[in-house]
Amino acid sequence: MKILVINAGSSSLKYQLLDMADESVIAKGNCDRIGIDGHIKHTTFDGRTVDTDCPFPTHTEAFEKLVEVLTMGDASVVKSMEEISAVGHRIVQGAEIFDKTTLVTDEVIQQIDDLSELAPVHNHPHALALRACKKVITPTTPQVAVFDTAFHQTMPPKAYMFGMPFECYEKLHVRKYGFHGTSHRFVTQALADALHRDIKDMKIVSCHLGNGSSITAVDGGKSIDTSMGFTPLDGVIMGTRSGSVDPSAVTFVAKKMGFNAAQMSDYLNKQSGFLGVSGISSDNRDITAAASHGDSRAKLAGEMLRYEIKKFIGSYAAIMNGLDAVLFTGGIGENSDDLRADVCHNMEYLGIKLDDSVNEGLRGKLARISTLDSKVEVWVVPTNEELLIARDTKALVESLK
């Protein structure tokens, strides 16, 4: 079975084609700059490439080009789209409507689009991609939606409710939803598999750290709390996102700066975080380099992230009444050995002892980085959201037969 996995953004359409017989990647790529001018970069399993500019007025043209490079030319990998058994889509916001992987229908697409107010950067582009995909793939090929928020639907009300008037939840659906659920689900299960343990018997803090970051408490394989909230703005400091801020600070700044609601949202989402604190960059690598050369604001931005991760690990150990493992994943989590060291040092009170000789220089590999006598194990676990989406898609499609 071959499954095409789609991750659509407002101006991009990332994809992977996987052979589920051995879960290998046949081809992958990105249709970028949709609605601007257009560019596609496509790479096959054996190194053949397409890297060219082409017009993408909408997601439909991007899908048409995707189909073309998959089926035609020197970098083709299938003879026709009929060889593809299903298409799996990553959807960011499913709210309380979707708590599991779902077969896509016209009604489901409309529901995803209707949730755009809760995820304006993500859900409308997802809906556009779903509609565009319908136009170009074989009509009998099923489409499947895998929701980032679904994993967090196991949170209890005491974790997801805010201390606002209850009508905000009843009428406006304001609550913590959490994000990166697909990644957290994949890496926590991957860790349990690596340890040959039943995830139902484990208490794990999963740290997905990248340009967007979230920390999740996973007890018995279920999310019971997570750092991102109503939107992906909440939680720890991120590339351009502020993380948690006193709401009164938000209203104070908006008044002083003369911002309306949309401008304030843009300020917090796109001009804050590493970029806003350092004044240098939103990229952790740039922040780390500048800090190593003595830039005090870059150093502060890095220290803030490390401090906040420590707080979440400690608080989540408390609510789970114990902790078996902490894992690091995502672009920063998998590749920043200095961040992992800073977070884990001085946490002996939790039973965490880092093995610096293993951690130093480790990049993107599954490995235990804690000492053998560490009561809490610490791991680096590479994430693979596309593979989990493909697995979910395969399982759902096979259940329909």
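Refer to the preceding data block for the structure.
So, a few notes on the structure that sits alongside this text. All figures in this text were calculated on a predicted structure; none of them were measured in a lab.

### Examining the overall build of the protein
- Secondary structure assignment for the protein yields 15 helices and 14 strands.
- A compact globule built from 401 residues should have a C-alpha radius of gyration of about 21 Å, and the protein, at 21 Å, falls within 12% of that.
- Counting every position in the protein, which comprises 401 residues, the buried fraction comes to 51%.
- Nonlocal contacts in the protein, meaning residues at least 24 apart in sequence, comprise 60% of its contacts between residues at least 6 apart.
- Carbon and sulfur atoms make up 52% of the accessible area of the protein, which amounts to about 18400 Å² in all.
- Positive and negative side-chain charges in the protein, numbering 41 and 52 respectively, have mean positions lying 2 Å apart.

### Some thoughts on the pairing of strand β4 (residues 39–44)
- Only one face of β4 is buried: it carries Ile 40, His 42 and Thr 44, and the other face, with His 39, Lys 41 and Thr 43, is open.
- In this structure, the hairpin formed by strand β3 (residues 24–32) and β4 is closed by a connection of 6 residues, where Arg 33 is found at a positive phi of approximately 60 degrees.
- Bridge analysis of β4 against strand β5 (residues 49–53) gives 5 bridges, and the strand direction is antiparallel. Considered in β5, the bridge of Thr 43 is made with Thr 49.
- Where β4 folds back on β5, the antiparallel hairpin that results is connected by 4 residues, among which Gly 47 adopts a positive phi of roughly 95 degrees.

### Quick look at the sheet that holds β5
- Strand order in the open sheet formed by 8 strands is β5-β4-β3-β2-β1-β6-β8-β7, with mixed pairing between adjacent strands. The open sheet has two edge strands, β5 and β7 (102–103), and neither has a second partner.
- As defined by bridge partners, strand β1 (residues 2–8) adjoins strand β6 (residues 84–91) across 5 bridges and the pair is classed as parallel. Paired with Lys 2 across the strands is Ile 84, a residue of β6.
- On the sheet, helix α1 (residues 59–71) packs against β1, β2 (12–19), β3, β4, β5 and β6 and is oriented at approximately 30 degrees with respect to β2.

### Some details on the packing of aromatic side chains
- In total, this model carries 6 aromatic pairs according to the counting rule given.
- Aromatic side chains Tyr 160 and Tyr 169 sit 6.2 Å apart centroid to centroid with 40 degrees between the ring planes, which places their arrangement in the tilted category.
- The exposure class assigned to Tyr 160 is buried, which follows from its relative accessible area of 11%.
- Assessed through its relative accessible area of 17%, Tyr 169 is described here as buried.

### A word on the side chain of Asp 225
- Relative to the helices and strands, Asp 225 resides in strand β11 (residues 222–226).
- Among the polar contacts made by the side chain of Asp 225, one reaches the side chain of Lys 176 at a distance of 2.8 Å.
- Other than its neighbours up to four places away in sequence, Asp 225 contacts Met 155, Ala 159, Lys 176, Ile 215, Thr 216, Ala 217, Tyr 316 and Ile 319.

### Considerations on the packing of helix α6 (residues 181–195) against helix α15 (residues 385–399)
- Running from amino to carboxyl end, α6 crosses α15 at an angle of 90 degrees, the nearest separation of the two axes being 9 Å. The pairing of α6 with α15 is recorded here as roughly perpendicular in orientation. Taken together, the residues of α15 that come into contact with α6 (itself represented by Thr 182, Ser 183, Arg 185 and Phe 186) are Glu 385, Leu 387, Leu 388, Ile 389, Arg 391 and Asp 392.
- Tallied by class, the residues present in the contact of α6 with α15 amount to 4 nonpolar, 2 polar and 4 charged.

### Re the pattern of salt bridges
- Under the definition given, this model contains 21 salt bridges.
- Here Glu 83 ties to Lys 2 by a salt bridge, and the two come within 3.9 Å at their closest N and O atoms. Of this pair, Glu 83 sits in the loop between α1 and β6 while Lys 2 sits in strand β1, and the two are 81 residues apart along the sequence.
- By relative accessible area, Glu 83 is classed as partly exposed at 30%.
- Taking the relative accessible area as the measure of exposure, Lys 2 reaches 23% and is therefore partly exposed.

### Details of the environment of Ser 399
- Relative to the helices and strands, Ser 399 resides in helix α15.
- Its relative accessible area of 51% is what places Ser 399 among the exposed residues.
- Within the structure, Ser 399 has its side chain in polar contact with the backbone oxygen of Leu 396 (distance 2.6 Å).

### As for the environment of Asn 260
- By secondary structure assignment, the location of Asn 260 is in the loop between α7 (247–257) and α8 (261–270).
- Asn 260 sits in the partly exposed class, given a relative accessible area of 42%.
- At 3.1 Å, the side chain of Asn 260 and the backbone nitrogen of Ala 262 are in polar contact.
- From its side chain, Asn 260 meets the backbone nitrogen of Gln 263 in a polar contact 2.7 Å long.

### A few points about the packing of α7 against α8
- Interaxial distance between α7 and α8 falls to 10 Å at its minimum, and their mutual angle equals 115 degrees. Judged by the sense of rotation from one axis to the other, the crossing of α7 with α8 is right-handed. Across the interface between the two elements, Val 250, Val 253, Ala 254 and Met 257 from α7 touch Met 264, Tyr 267 and Leu 268 from α8.
- A per-class count over the contact of α7 with α8 returns 7 nonpolar, no polar and no charged.

The rules behind the values
Residues numbered from 1 in each chain as written. Predicted model: local features only at pLDDT ≥ 70, side-chain atom pairs only at ≥ 80, totals over all residues. Heavy atoms only, no water. Helix = DSSP H or I, 4+ residues; strand = E, 2+ residues; numbered from the N terminus. Rg over C-alpha atoms; globule rule 2.2 N^0.38 Å. Buried < 20%, exposed > 50% of the residue type's maximum accessible area, 1.4 Å probe, protein only. Contact = heavy atoms within 4.5 Å. Areas by Shrake-Rupley, 256 points an atom, 1.4 Å probe, with all protein chains shown as cover. Lys, Arg positive; Asp, Glu negative; His and termini not counted. Charge placed at Lys NZ, Arg CZ, Asp CG, Glu CD. Pairing = 2+ DSSP bridges. Axes fitted to C-alpha atoms, helices over the stretch in contact; angles between N-to-C directions. Phe/Tyr/Trp six-rings, centres within 6.5 Å; stacked < 30°, edge-to-face > 60°. Polar contact = N/O pair within 3.5 Å; in protein donor to acceptor, adjacent residues only side chain to side chain. Parallel < 35°, antiparallel > 145°, perpendicular 65-115°, else oblique. Nonpolar A, V, L, I, M, F, W, Y, C, P; charged D, E, K, R; others polar. Salt bridge = Lys/Arg side-chain N within 4 Å of Asp/Glu carboxyl O. Left-handed = near helix turned anticlockwise from the far one by under 90°.

What is shown is where atoms sit, not what they do.
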